[in-house]
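Letter by letter, the chains look like this.
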Amino acid sequence: MDFDRKRQKDLERIQNYRLIDDTFMTVVFKDKACSQLLINRVLQRDDLKIIEVHTQDDLKNLWGRSVRLDILAIDSENVLYNIEVQRADKGASRKRARYNSSMMDSNVTEPGDEYEKLPETFVIFITENDYFGKQLPLYHVERVIQETGELFDDKEHIIYVNGQYRGNDPMGDLMHDFFCKNPDDMSNKLLAQSVRYYKTEEEGVSQMCKISEEIRNEGIEEGMAKIVKGMMTSKGISFDQACDEANLSQGDREAVKKFLQ
């Protein structure tokens, strides 16, 4: 019965997912055609060709904070796109956009590479709220030479997409679709088809149920990590000592360690 209850809750959760929910967004937009549509729409183009998409990609920083990107896409011109969905304004902070951009640069270069070979990059934040509050569909962030007003043109771009925008244009249609639970209510056929697959077709629903189980397990592991970290801090003991006191198995220790790195 416990399995049946979990399954039913998972099915209900899946039906309530929208593209503005990052868990669901990363699943739908791992499809290159969907990511291509999204990026073309945001950049107001129709000629970009996406050749590679990675979801939940970890960018490592040996000396500081690593970062996990929702979507990392590469087009035929080797331009990189990081797409993030942020439901809370805090997650869309300007310095986070800056940090994501810098991490993209540091992870695509090798020692000895010429700086001129750095690829063009776009960090795209799709925010549930109108982050800047100006009622515009898009906010483009670029460096400028203040004395002349000219663009610095370092090929680093940051774009905020206003999730609240509902204008009678392609961006308005796209943001409308991001908030739809029912694919039949969506404007774009390609996105609707992908959403319908994960909500109604057996194979797609099965994949989403598996993801829900992984999220549930990750929540448990994160909870254990908080307990271990609290014991290490309050008692001044080592990681292994805290795990011993918490009676964690070797498998649990490895999972907890990932959260503490």
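Chemist: What should I look at first to understand the nonpolar core in this one?
Modeler: For soluble globular proteins, the rule of thumb is that nonpolar side chains tend to be buried together. In this structure, Phe-29, Ile-126 and Phe-178 are the most contacted members of the largest nonpolar core, which totals 46 residues. Apart from the residues within four sequence positions on either side, Phe-29 is in contact with Leu-19, Cys-34, Ser-35, Leu-38, Val-53, Ile-71, Phe-178 and Leu-191. Listed in part, the 14 residues of the second largest apolar core include Val-67, Ala-97, Met-104 and Tyr-139.

Chemist: Would you explain the packing of aromatic side chains in this entry?
Modeler: Any pair of aromatic rings gets described here by the distance separating the centres and the angle formed by the planes. The full count for this structure, using the stated rule, is ten aromatic pairs. Between the aromatic rings of Phe-24 and Tyr-198, the centroid separation amounts to 6.5 Å while the plane-to-plane angle is 85 degrees, which identifies the pairing as edge-to-face. One end of the pair, Phe-24, is in helix H2 (residues 22–28); the other, Tyr-198, is in helix H6 (residues 189–200), and 174 residues separate them in sequence. On the basis of relative accessibility, which here comes to 7%, the residue Tyr-198 falls in the buried class. Sitting over the ring of Phe-24, Lys-199 keeps its end group 5.7 Å from the ring centre.

Chemist: Explain the pattern of salt bridges here, please?
Modeler: Any two side chains of opposite charge can pair, on the condition that their charged atoms come close. All told, the structure shown has nine salt bridges when counted by the stated rule. The salt bridge involving Asp-47 is made with Arg-45; its shortest N-O contact spans 2.9 Å. Looking at Asp-47, the relative accessible area reads 51%, which means it is exposed. The partner of Glu-128 in a salt bridge is Arg-87, with the nearest N and O atoms 2.8 Å apart. With Glu-128 in the loop between strand E4 (121–127) and strand E5 (138–141) and Arg-87 in the loop between strand E3 (80–86) and helix H4 (94–107), the pair connects residues that are 41 residues apart, well separated along the chain. Its relative accessible area of 15% is what places Glu-128 among the buried residues. The class of Arg-87 is partly exposed, set by a relative accessible area of 42%.

Chemist: Which parts of the structure should I look at to understand the packing of helix H3 (residues 32–42) against helix H5 (residues 170–178)?
Modeler: The relative placement of two packed helices comes down to the angle between their axes together with the axis-to-axis distance. Relative orientation of the contacting elements H3 and H5 amounts to 135 degrees, with a least axis distance of 10 Å. Between H3 and H5, the angle falls in the class oblique. Both H3 and H5 take part in a crossing whose hand is left-handed. Every residue of H5 that contacts H3 at Leu-37, Leu-38, Arg-41 and Val-42 is listed here: Pro-170, Met-171, Leu-174 and Phe-178.

The rules behind these values
- Residues numbered from 1 in each chain as written.
- Predicted model: local features only at pLDDT ≥ 70, side-chain atom pairs only at ≥ 80, totals over all residues.
- Heavy atoms only, no water.
- Core = buried A, V, L, I, M, F, W, Y, C linked by side-chain atoms within 4.5 Å.
- Buried < 20%, exposed > 50% of the residue type's maximum accessible area, 1.4 Å probe, protein only.
- Contact = heavy atoms within 4.5 Å.
- Phe/Tyr/Trp six-rings, centres within 6.5 Å; stacked < 30°, edge-to-face > 60°.
- Helix = DSSP H or I, 4+ residues; strand = E, 2+ residues; numbered from the N terminus.
- Lys NZ or Arg CZ within 6 Å of the ring centre and 35° of its normal.
- Salt bridge = Lys/Arg side-chain N within 4 Å of Asp/Glu carboxyl O.
- Axes fitted to C-alpha atoms, helices over the stretch in contact; angles between N-to-C directions.
- Parallel < 35°, antiparallel > 145°, perpendicular 65-115°, else oblique.
- Left-handed = near helix turned anticlockwise from the far one by under 90°.

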